[in-house]
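The chain contents come next:
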Amino acid sequence: MIQLREHQTSTVNQAINAHMNGLKNVCVVLPTGAGKTFVIAELTRIARQNFGVSIVFAHRDVLLGQISDALCVMQLHHSIYAAKKTVSDITTENQQNHGDSYFSETANIIVASVDTFIARMKKGQTEHLAKSVTNWFMDETHHVLAENKWGRCVSQFINAKGVGVTATPIRSDGKGLGRDFDGVFDELIVGSNMGELIQRGYLSTYKIYVPPTRLDVSNVKVTSSGDYNQKQLAKESDNSDITGDAVEHYLRICPGQQAITFCVNIEHSQHVADEFNRHGVNSVALSSKTPAAERARCIKDFKAGRITNLVNCDLFGEGFDVPAVVACIMLRKTKSYSLFKQQFGRALRVIDGKPHGILIDHVNNVPDMMAEYKLGHPHEDPVWTLERKSRRASSDDGSRPEGVVCVECSAYFIPTNKSTVVCPECQHVETNEERLNREKDFQAKAGTLIELDTGFIDQVLAERAKVDTPMHVFAQRMQNAPSIVRHSSINNHAKRQHAQAQLRREIQEWCVTTANKKQWDVTLTQSEFKRVFGVNIFTAQTLSERESIQLTERIKNHAEM
């Protein structure tokens, strides 16, 4: 048996209480490295005491094996619904590791492959379970939508309560996991987070390096799933310069340390492994296509230190547990927060003699994810919800720190002193020119760096000239208009001029204060105004009376923050 940690026990109790309070399906959030599999195993053990039938789903062989292994640790007999070879591999390994496979065709606990279960459903071979299953559990539950194969697996259990477990209850396609949206869940339980587990010593601290990227994804399409087209991404990523950079920075930052490298596809993985081997770093390329026996042998050699670098594509993201990892190398660009966080978490497992985990991000995933989800630090998460992405609350209160990449050593860090930025790794002090370039790069990525063509400027100047037309000139132009129209137009023009005069004073004061405080030039200050208020300074000088008053109030309120 195993003694659960406090966050695991608390999570189990919260899930049970949610069911006792009448909630049918519960989504549990635990970060990578928190021991999600043992939470599922403990919930299964408790459910078994009530003499019902429990079924645990996973969609990959490696996950099925880990769930089965956890059940063996708890000495729980179970059957396995999977391909015959998968069942044979899992039971053989269990026998070797535990002295008993704990496999039983008649057990009231079932470990099921999602695809195998769907195939049996189509053949009518699962109908006997529809009423008898009392509890279902799902690993990597961010996949579950009511209408997809994961959702169809659990929908037939009319008498069952469910628990799904994931590190990231978010999907790249923006769909929500809640029953009222696209999923099946009624409640969200956050059992812990990376920050808490780092503080308790269950995850390691970390250092991040973001070397200048050579990857260009401007011509890579984003699919309906919300992530990059894999074929197009592989074409841009499988580049000798990028691969050479990966080897060079590994040898500079953490030579000889065990690493996992994440690539785009099988061919890319092999090319990267070949390059590392060519430079004396013992590496192997693995994927879901690698025979199970070979994969198991390589992982065993890796754990024993005979292999230094496991290069993979889509294999060691979800559910893979290799404690002896110091470094993770990202060579796969992604828009998937789940994929990013799973890969990042691989470097945070605690082992003896490991001072910290190392993440070398060659594709700018860390800065992009922090900007997209408005995070203060890489280990933080957005505000979790079961709603769709477009409805999610922003966690940005305007006070989050901005990450910096050192121009000398590529270390990524959060400055402790904004006025003097010093790299904690190499002690390089950021120059004023470097700071201005960093701010310009940030605003360019945010789409607010002002670069106006002459046509736009001419239009703005013409409109501003109308606003600034002197009252006597405007009145003269209106002299032939009907009396009511003339008086109304003159009055409105006067109000607009007055509102604009107040607005322009506020804009000038805001810009002067911001430029002095941050030591910015005119371009950066104007760009920041556009980023904060959503309108550039030139267009602001052509707004109507009502719009001018509204913007004036927003500027005043922002200045008081």
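Placed above this text is the structure.
Everything in this summary refers to the structure shown in the same document. Every value quoted in this text rests on a predicted model; they were computed, and no experiment measured them. (Residues numbered from 1 in each chain as written. Predicted model: local features only at pLDDT ≥ 70, side-chain atom pairs only at ≥ 80, totals over all residues. Heavy atoms only, no water.)

### Notes on the sheet that holds strand β1 (residues 25-29)
Spatially, β3-β4-β2-β5-β6-β1-β7 is the arrangement adopted by the 7 strands of the open sheet, whose pairing is parallel. Of all the strands in the sheet, the pair left with one neighbour each is β3 (79-81) and β7 (187-190). Pairwise comparison of adjacent strand axes, ignoring direction, gives a mean angle of 20 degrees for this sheet. In the packing of helix α5 (residues 114-122) onto the sheet, contacts are made with β2 (53-58), β3, β4 (109-113) and β5 (133-139), and the angle to β4 comes to roughly 95 degrees. (Pairing = 2+ DSSP bridges. Helix = DSSP H or I, 4+ residues; strand = E, 2+ residues; numbered from the N terminus. Axes fitted to C-alpha atoms, helices over the stretch in contact; angles between N-to-C directions. Contact = heavy atoms within 4.5 Å.)

### Things to note about unusual backbone geometry
The backbone phi angle of Q75 is positive, close to 60 degrees, even though this residue is not glycine. Relative to the assigned elements, Q75 resides in the loop between α3 (61-73) and β3. Despite not being glycine, Y102 shows a phi value in the positive range, around 55 degrees. Overall, the relative accessible area of 12% leaves Y102 in the buried class. (Buried < 20%, exposed > 50% of the residue type's maximum accessible area, 1.4 Å probe, protein only.)

### Brief notes about the packing of helix α2 (residues 36-48) against α3
α3 packs onto α2 with a crossing angle of 55 degrees between their chain directions and a minimal axis gap of 9 Å. Between α2 and α3, the interaxial angle falls into the category oblique. Along this stretch, α2 crosses α3, giving a crossing that reads as right-handed. Seen from α2, the contacting residues are T37, F38, A41 and T44; seen from α3, they are Q66, I67, A70, L71 and V73. (Parallel < 35°, antiparallel > 145°, perpendicular 65-115°, else oblique. Left-handed = near helix turned anticlockwise from the far one by under 90°.)

### Here we look at the pattern of salt bridges
In this structure the tally under the stated criterion is 17 salt bridges. Notably, a salt bridge pairs K149 with D115, separated by 2.8 Å at the nearest N-O pair. With K149 in helix α6 (residues 149-155) and D115 in helix α5, this pair connects stretches of sequence that are 34 residues apart. By relative accessible area, K149 is classed as partly exposed at 25%. Salt-bridge contacts for R504 lead to D468; the nearest nitrogen and oxygen are separated by 3.0 Å. One end of the pair, R504, is in helix α17 (residues 483-518); the other, D468, is in the loop between α15 (454-467) and α16 (471-477), and 36 residues separate them in sequence. On the basis of relative accessibility, which here comes to 24%, the residue R504 falls in the partly exposed class. What emerges from the salt-bridge pattern is a single network uniting R297, D301 and R306. (Salt bridge = Lys/Arg side-chain N within 4 Å of Asp/Glu carboxyl O.)

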